[in-house]
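In case you want the letters, here they are:
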Amino acid sequence: MKRRLTCILLAALLLLGLCCTAFAETESVGAAEPQIWNITDTVGLLTEDEDLTLEERAEEISAQYGVGIYLLILEDYAEYYDDPYETAYELYHEYTLGEGEDRDGVILLMSMSNRKYATFFYGPKAEYAFDAYGQEQMEQEFLDDFRDDDWYDGFSDYLEVCAAYLEKAEAGDPVRGDYSSVGGSDGGSIATTVLVCLGIS
């Protein structure tokens, strides 16, 4: 009788140990940082269908031109870094975004709580397709939608203008203007951001 009770007790302890191990593994997986996709909406701004449609289009453009196209929607950039541009820059590199060996890519970061945004361009293909003038011009394509809180159309316009600029660059006819004084440098990479409060007074 004692031997049977001992066996039952040992079996119970073994099962308890296995349950604890499985729980710990589940907790570990749950604590991992979320992956950044081409379209990453952390605030639920987009419907599931809108998110899927934009994701498919962003993946299509990225694959066609070898330049990763990203949209990152956050509640507040200040939870990460000091300003929207720094947040876009740091997260781009932290998650090793971009296509190809040079990690070419374009990212639009939206911070919803304060209605600010930043764009970051990285890699030779992205720089060629979007010079300082082109970067400024492309932003005008979606800002009008954002001012009207028309987020989905604004994000769609962002993707389509990226595709149009990349198509022109691939054909050897990139969008160019009469000046190139806007923008900054990131280790030799041109990267510009215009931080705009989009609230309408």
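Conventions used here
- Residues numbered from 1 in each chain as written.
- Predicted model: local features only at pLDDT ≥ 70, side-chain atom pairs only at ≥ 80, totals over all residues.
- Heavy atoms only, no water.
- Phe/Tyr/Trp six-rings, centres within 6.5 Å; stacked < 30°, edge-to-face > 60°.
- Buried < 20%, exposed > 50% of the residue type's maximum accessible area, 1.4 Å probe, protein only.
- Lys NZ or Arg CZ within 6 Å of the ring centre and 35° of its normal.
- Pairing = 2+ DSSP bridges.
- Helix = DSSP H or I, 4+ residues; strand = E, 2+ residues; numbered from the N terminus.
- Axes fitted to C-alpha atoms, helices over the stretch in contact; angles between N-to-C directions.
- Contact = heavy atoms within 4.5 Å.
- Parallel < 35°, antiparallel > 145°, perpendicular 65-115°, else oblique.
- Left-handed = near helix turned anticlockwise from the far one by under 90°.
- Nonpolar A, V, L, I, M, F, W, Y, C, P; charged D, E, K, R; others polar.

J.: Please clarify how the packing of aromatic side chains should be interpreted in this entry.
T.: In this description, a pair of aromatic rings is defined by centroid distance and the angle of the planes. Within this structure, the stated rule accounts for 15 aromatic pairs. With centroids separated by 6.0 Å and ring planes inclined at 35°, the aromatic side chains of Phe120 and Tyr122 adopt a geometry described as tilted. Comparing Phe120 with Tyr122, the two get one shared label, buried. Here the aromatic residues Tyr70, Tyr85, Tyr89, Tyr92, Phe120 and Tyr122 are joined through ring pairs into a cluster of three or more. Over the ring of Tyr128 we find Arg176; its NZ or CZ atom is 5.4 Å from the centre of that ring.

J.: Explain the sheet that holds strand β1 (residues 39-41) here, please?
T.: Sheet strands pair by backbone hydrogen bonding; their relative direction is either parallel or antiparallel. If you walk across this open sheet you meet the 4 strands as β1-β2-β3-β4, and the pairing is mixed. One side of each edge strand has no neighbouring strand; the edge strands of this open sheet are β1 and β4 (116-122). For this sheet, the mean inter-axis angle between neighbouring strands, taken without regard to orientation, is 10°. Strand direction decides the pairing type here: β1 and strand β2 (residues 68-74), joined by 3 bridges, are parallel. Residue Asp41 lies in a different strand from β2, and its bridge partner there is Ile73. Across the sheet, helix α3 (residues 84-94) is in contact with β2, β3 (105-111) and β4; its angle to β4 comes to roughly 45°.

J.: Explain the pairing of β4 to me, please; I cannot follow it from the model alone.
T.: Both faces of the sheet carry side chains from a regular strand, because those side chains alternate between them. Of all the 7 residues making up β4, 6 are buried; the element is thus mostly covered by neighbouring parts of the structure. Sheet analysis places β3 next to β4, joined by 7 bridges and oriented antiparallel. Each residue of the ladder has a partner; that of Leu108, found in β4, is Thr119. Count of turn residues in the β3/β4 antiparallel hairpin: 4 residues, of which Arg115 carries a positive phi of about 55°.

J.: How should I be thinking about the packing of helix α5 (residues 132-147) against helix α6 (residues 151-170) in this particular structure?
T.: Helix packing for two helices is described by the angle between their axes and how far apart those axes are. The geometry of α5 relative to α6 is characterised by a closest axis approach of 7 Å and an angle of 160° between their N-to-C directions. By the angle class used here, α5 and α6 are roughly antiparallel. Considering how the two elements wind past one another, α5 and α6 form a crossing that is right-handed. Listed contacts from α6 to Gly134, Gln137, Met138, Glu141, Phe142, Asp145 and Phe146 of α5 are Trp151, Asp153, Gly154, Phe155, Asp157, Tyr158, Val161, Cys162 and Tyr165. When its residues are assigned to classes, the contact of α5 with α6 shows 9 nonpolar, 3 polar and 4 charged.

J.: Mind showing me how you'd approach the environment of Leu108 here?
T.: Along the chain, the position of Leu108 falls in strand β3. Taking the relative accessible area as the measure of exposure, Leu108 reaches 0% and is therefore buried. For the pair Leu108 and Tyr158, spaced 50 residues apart in sequence, the C-alpha to C-alpha distance is 8.3 Å. The residues touching Leu108, leaving out its near neighbours within four places in the chain, are Tyr70, Leu71, Leu72, Tyr117, Ala118, Thr119, Phe142, Phe146, Phe155 and Tyr158.

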